[in-house]
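Next come the chains, spelled out residue by residue.
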Amino acid sequence: MLDFDGEDSVASTAAESLRAKGALASLTRECGPDVALLEAWRARTKRTKQPAPLAMRLCEARCRVVRRCLASMLHPGTRVVSLGAGLDAEMLRLRGRAAVVEVDCEGVADRKRELLEVTGLAHDDHQVVALDLRDVQGLRSLLTSLRPAVAIAECVLPYLDVDAATAVRRVV
């Protein structure tokens, strides 16, 4: 079993996003993949505390913006590449509408694959790829192999140093 409570700051950030989106889905009585992933994560970490109200409001605003932007770009055959995808289920909402490739660092990608497996949410049109976004050549190679695609970097760029974030923007 993977360590879902590790000291890794990237994994911690991914877990906080999952907590906020899962709690938001629970509060709005939206039964969906966020709730399933949150419950699987809670079972592995024994954490039940809700995120702060401000975090919930910011999460809701982020979700609405991302969903609107993606909805305007989707058409039959669209492939979406989510950079720094984290642990939440946002990209699972695209099932049946787009093929999805989620990209994150190895620790987060491993955790995400495990959560998808134990919740039964793994799917052929949904891949989770481990890649350090600071590996510019690896990122360029991956994106080239996936073209054409819509790339989204919802919140990952501020976590990278300036040079790495600039390199990611140039590659995308």
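Residues numbered from 1 in each chain as written. Predicted model: local features only at pLDDT ≥ 70, side-chain atom pairs only at ≥ 80, totals over all residues. Heavy atoms only, no water.

*Asks:* Quick question: what am I supposed to make of the overall build of the protein chain here?
*Replies:* Helix and strand counts for the protein chain stand at six helices and four strands. Across the protein chain, helices and strands are ordered from the amino to the carboxyl terminus as α-α-α-β-β-α-β-α-β-α. Counting across all 172 residues of the protein chain, residues that qualify as buried make up 45%. With the model as given, the accessible surface of the protein chain reaches about 9,400 Å², and the carbon-plus-sulfur share is 53%. (Helix = DSSP H or I, 4+ residues; strand = E, 2+ residues; numbered from the N terminus. Buried < 20%, exposed > 50% of the residue type's maximum accessible area, 1.4 Å probe, protein only. Areas by Shrake-Rupley, 256 points an atom, 1.4 Å probe, with all protein chains shown as cover.)

*Asks:* Help me out: how do you make sense of the sheet that holds strand S3 (residues 126-130) in this one?
*Replies:* Within a sheet, adjacent strands bond to each other through the backbone by hydrogen bonds, running parallel or antiparallel. Sheet architecture is open: four strands sit in the order S3-S2-S1-S4, paired in parallel fashion. Unpaired on one side and paired on the other, S3 and strand S4 (150-152) mark the two borders of the sheet. Each strand of the sheet is rotated relative to its neighbour by a mean of 20 degrees, with strand direction disregarded. Two strands pair when backbone bridges link them, and strand S1 (residues 79-83) and S4 are joined in this way by three bridges, in the parallel orientation. (Pairing = 2+ DSSP bridges. Axes fitted to C-alpha atoms, helices over the stretch in contact; angles between N-to-C directions.)

*Asks:* What is the right way to look at the nonpolar core in this model?
*Replies:* Across soluble globular proteins, nonpolar side chains show a tendency to be buried alongside one another. Counting 16 residues, the largest nonpolar core has Val 81, Leu 83, Val 103, Leu 133, Leu 139, Leu 160 and Val 168 as the members making the most contacts within it. Where this core is concerned, the elements lending two or more residues are S1, strand S2 (99-104), helix H5 (136-146) and helix H6 (162-171). Not counting the four nearest positions on each side in its chain, Val 168 is found in contact with Leu 83, Leu 133, Leu 139, Leu 157 and Leu 160. Counting residues in hydrophobic clusters, the runner-up holds 10 residues, among them Leu 70, Leu 74, Leu 94 and Ile 152. (Core = buried A, V, L, I, M, F, W, Y, C linked by side-chain atoms within 4.5 Å. Contact = heavy atoms within 4.5 Å.)

*Asks:* Is there a simple way to explain the pattern of salt bridges in this structure?
*Replies:* Where side chains of opposite charge bring their charged atoms close, a pairing between them can arise. Going through the model one piece at a time under the given rule, you end up with five salt bridges. The salt bridge partner of Lys 112 is Glu 102, with a shortest N-O separation of 2.9 Å. Taken as a pair, Lys 112 in helix H4 (residues 106-119) and Glu 102 in strand S2 lie far apart in primary sequence, 10 residues in all. The residues Lys 112 and Glu 102 share a single accessibility class, namely buried. The shortest N-O distance in the salt bridge between Asp 132 and Arg 134 comes to 2.6 Å. For Asp 132, a relative accessible area of 33% gives the class partly exposed. (Salt bridge = Lys/Arg side-chain N within 4 Å of Asp/Glu carboxyl O.)

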